[in-house]
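Tertiary structure, described
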Amino acid sequence: MVSAWASAGRKESCQHCNACINGEQVNCENGSVPTIMNKGGFASHLRADWQWVIPLPESMDITTAGPLLCGGITVFKPLLMHNINATSRVGVIGIGGLGHMAIKLLRAMGAEVTAFSSNASKTESILAMGADRVVNSRDPQALNALAGQFDLIISTVAVDLDWQPYFQALAPHGKFHTVGAVMKPFEVPAFQPDHGVTDAVMPGSSTGSPGQIAFVNETGIALTLRQR
Ligand SMILES: [Zn+2]
C-alpha cells in the first residue's frame, strides 16, 4: 500500500541516455535537475518527471521520509555498490546527519559498525543509534590499532583529514568511499609500507537513482529527528 508520494532529490532527467536507460538516472548524461531548483522542501507543489516521484510505503512515517530520500540514499548507495551484508565490517567517519543514517542502515543489514567521531560527548548517542563501537578519530593510536580490519569505510565529512590511517584500516579488497564533498583532492598511496598493495578501491558518489531510493524506503529504519 502506498500512502504518499515524494520527489527524490531530482525532478528531471532525459530518460533516453545510457545512464537513464540503465536505471542510473542520477548520472544522466544530459544532466539531472535537482529538486531544489524549484522551491525545494519549502514548496507546496512540485512538477517532476514520474520516474523521480517515489511511492512511500504506508508503514513509513512521512515526517521522517524526507531525509531518507536525500541523505539516506546517499549513504545507502555505497552499501549496494559494495555488496555489504551481515558479515561485513564497516566504518563510518563523521556521525552527523549522513553518518546517523549510515549506522541505522548498517545495523538493519546486520553489519558490524564502527563509528569514527571526534566528539566524545556523542559516544552514548552513537551507540544508541546502533554502532557496535565508537573510536575517537583524533586518537592516532586508536586508528592505527585498526589496521587491516574493514571491508568498507564510508566518509561523510566534507573536510580534509589525515586519511592515511583510514586507508590502512582497510582489509584486503576493502573500499574507502566518500560521500562528503571534500574540495581538496585525496592523496592516495598506491603502496603502503606496512601493508603492501591491498587491492583497495577508493570511489565516491552523490545521491542515488529512483530504483535505489524506492528500495531504501523498504528498509523500515526509523530516524531520530529534531522537530522544529
Ligand atoms: Zn539521461
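Computed from a predicted model, the values in this text were never measured in an experiment.

So, how was this worked out
Residue positions are counted from 1 within each chain, in the order its sequence is given. Only residues with pLDDT of 70 or above have their local features reported here, since the model is predicted, and side-chain atom pairs are shown and tallied only from 80 upward, although totals for entire chains, interfaces and linings are computed over all residues. Note on terminology: a nonpolar core is any set of buried Ala, Val, Leu, Ile, Met, Phe, Trp, Tyr and Cys residues joined through C-beta atoms within 7 Å. Residue burial is a threshold on neighbouring C-beta atoms within 10 Å of the residue's own C-beta, all placed from the backbone, with 20 or more meaning buried, 12 or fewer meaning exposed, and counts in between meaning partly exposed. Strands here mean DSSP runs of E at least two residues long; helices mean DSSP runs of H or I at least four residues long; both are numbered from the N terminus. Residue pairs are scored as contacts if the distance between their C-beta atoms, which are placed from the backbone, is within 7 Å. Orientation is described by axes fitted as lines to C-alpha atoms, over the contacting stretch for helices, and by angles from 0 to 180 degrees between their N-to-C directions. Each angle is binned into one of four classes, with values under 35 degrees roughly parallel, values over 145 roughly antiparallel, values of 65 to 115 roughly perpendicular, and all other values oblique. For any helix crossing, the convention is left-handed if the near helix is rotated counterclockwise from the far helix by under a right angle, and right-handed if that rotation is clockwise. Just so you know the grouping, Ala, Val, Leu, Ile, Met, Phe, Trp, Tyr, Cys and Pro go in nonpolar, Asp, Glu, Lys and Arg go in charged, and all remaining residues, Gly too, go in polar.

As for the nonpolar core
- One finds Val90, Val92, Ala102, Ala115, Ile153 and Ile154 to be the most contacted residues of the largest nonpolar core, which totals 43 residues.
- Broken down by element, the residue count for this core peaks at seven residues, all from helix α2 (residues 65-81).
- The residues touching Ile154, leaving out its near neighbours within four places in the chain, are Val75, Pro78, Val90, Val92, Ile93, Ala102, His177 and Val179.

A word on the packing of α2 against helix α3 (residues 97-109)
- Their axes nearest at 9 Å, the elements α2 and α3 cross at an angle of 60°. The angle between the axes of α2 and α3 places the two elements in the oblique class. Relative to α3, α2 is oriented so that their crossing is right-handed. Along its contact with α2, which presents Pro67, Gly71, Gly72, Thr74, Val75, Phe76 and Leu79, the element α3 presents Gly97, Leu98, Met101, Ala102, Leu105 and Met109.
- Grouping the amino acids of the contact of α2 with α3 by side-chain chemistry returns nine nonpolar, four polar and no charged.

Thoughts on unusual backbone geometry
- Its identity is not glycine, yet Gln15 carries a phi of approximately 70°, on the positive side.
- With respect to the element layout, Gln15 can be found in the loop between β2 (10-12) and α1 (18-21).
- Phi is positive for His173, close to 70°, though the residue is something other than glycine.
- Residue classification places His173 among the exposed positions, given that 11 C-beta atoms sit within 10 Å.

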